[in-house]
Amino acid sequence: MDSNKIKQIIKDMGATLCGIAPIHRFSEAPEGFHPTDIYNDCESVIVFAKRVPSESLFARNCVPYTFVNDVVTQKVDHLTVTICMALEKLGVKVVPIPSDDPYEHWEPERSYGRAILSMRHAGYLAGLGVLGKNTLLANKELGNMIQLGAILTSLELEGDLIANYEHCPPNCSLCIDNCPAKALDGTTVNQKLCRPLSIFVTKKGYNLKKCNICRRICPHLLGLK
Ligand code: B12
Ligand code: SF4
Ligand code: SF4
């Protein structure tokens with residue numbers, strides 16, 4: 001099974017984008033968060049994305065945006081497992097990675113969580129886009145409104161070219177300046193500051209995404225063209 005065949009299967013099943021990162025590209029991953037820390041036999045990381053509908057970003061109430069995100073996250077998770085079932089039937093060894101939760105690493109004093117695989121880094125290494133100062137992965141055509149999914153495989157697959165287009169103009173700092181929690185520094189996000197807004201818990205216990213400004217304010221929200 002070659003790279004193009006795998007990517008075609010995954011796109012036919014509903015992914016908007018799909019790219020492949022050979023394992024050697026992950027040499028800079030922090031200890032404990034390398035794909036082989038999840039699956040010994042991993043030789044390639046397949047990363048895909050679904051487009052997230054964007055107009056809910058501009059709703060005055062945060063419920064529609066929260067709803068859209070929750071549903072697209074579930075869709076990507078279902079797609080991940082469905083792709084794994086299809087590839088396993090073809091004899092390919094695959095390990096699915098959740099799009100968002102759950103993960104184990106948690107540092108309570110700084111409210112810092114880290115997923116078993118960083119989708120933003122994996123997406124970059126698979127050629128799906130570039131990382132902006134808002135820390136999000138932005139694709140040339142779809143901007144940052146993409147939800148990412150990933151699958152580890154023991155197949156040695158040909159990698160996609162890493163994207164080299166410019167994302168953030170040197171003089172742009174709109175996301176950093178407008179973050180109400182002052183959580184952005186241009187390379188990372190202070191989770192302790194962002195979480196109360198990004199994952200706001202209502203009195204009834206619902207998790208709402210009350211803030212998405214760093215995503216919405218970006219001139220490249222919907223693409224770099
Ligand atoms: C925890 C989490 C959060 C945290 C931290 C966000 C963050 N930027 O890391 C909080 C709660 C703040 C958050 C908020 C949001 N999130 Co969130 N979140 C995640 C989650 C579940 C894990 C991310 C993680 O582990 N971060 C911790 C580490 C990886 O980040 P770091 O500390 O900056 O990493 C440093 C080092 O550890 C090192 N590193 C770490 N791993 C690796 C790997 C390699 C190979 C290398 C080289 C380096 C490296 O590099 C960094 C610089 O030193 C991911 C899903 C996933 N599995 O990735 C979604 C994810 C990042 N979130 C997403 C989204 C959409 C959001 C929000 C926009 C939601 C909203 N409110 O509208 C906001 C955006 C806020 C922001 N600007 O980041 C999307 C982003 C999609 C995209 N286009 O990029 C993801 C990828 C979910 C998905 N599957 O699509 N989120
Ligand atoms: S989601 Fe809001 S609080 Fe979090 S980093 Fe983005 S702008 Fe800041
Ligand atoms: S708002 Fe400007 S600095 Fe922030 S991610 Fe978008 S282009 Fe980059």
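So, a few notes on the structure that sits alongside this text. A quick note: this is a predicted structure, and the numbers were derived from the prediction, not measured.

Of the regular secondary structure elements, the chain holds seven helices and 10 strands. Compactness check: the chain gives a C-alpha radius of gyration of 17 Å against a globular reference of 17 Å for 225 residues, within 12% of the reference. Expressed as lengths along the three principal axes of its C-alpha atoms, the size of the chain is roughly 50 × 40 × 35 Å. The buried share of the chain, reckoned over its 225 residues, is 34%. Considering only intrachain contacts with a sequence separation of at least 6, the fraction spanning at least 24 residues in the chain is 71%.

Once that is clear, we can look at the nonpolar core. Core analysis: the biggest nonpolar cluster contains 45 residues, and Val 45, Ile 46, Val 47, Phe 48, Ala 122, Ala 126 and Ala 150 have the highest contact counts within it. Of all the elements in the fold, those that place two or more residues in this core are helix 1 (3–12), strand 1 (17–22), strand 2 (44–51), helix 3 (63–89), strand 3 (94–97), helix 4 (119–125), strand 7 (137–138) and strand 8 (146–153). In terms of residues, this core owes the most to one element, helix 3, which gives six residues. Residues contacting Ile 46, with those up to four places away along its chain left out, are Ile 6, Ile 10, Cys 18, Ile 20, Ala 150, Ile 151 and Thr 153. By size, the runner-up hydrophobic cluster in this structure holds seven residues, among which are Cys 175, Ala 183, Cys 194 and Cys 218.

With that out of the way, let us pick up the site of ligand 2. Neighbouring ligand 2 are 13 residues; Cys 179, Cys 194, Cys 211, Ile 213 and Cys 214 lie closest to it. Within the residue set of the shell around ligand 2, elements represented by two or more residues are helix 6 (191–198) and helix 7 (213–216). Residues of the shell around ligand 2, tallied by class, amount to 11 nonpolar, two polar and no charged.

The rules behind the values
Residues numbered from 1 in each chain as written. Chains lettered and ligands numbered in written order. Predicted model: local features only at pLDDT ≥ 70, side-chain atom pairs only at ≥ 80, totals over all residues. Helix = DSSP H or I, 4+ residues; strand = E, 2+ residues; numbered from the N terminus. Rg over C-alpha atoms; globule rule 2.2 N^0.38 Å. Buried ≥ 20, exposed ≤ 12 C-beta atoms within 10 Å, placed from the backbone. Contact = placed C-beta atoms within 7 Å. Core = buried A, V, L, I, M, F, W, Y, C linked by C-beta atoms within 7 Å. Near = placed C-beta within 6 Å. Nonpolar A, V, L, I, M, F, W, Y, C, P; charged D, E, K, R; others polar.

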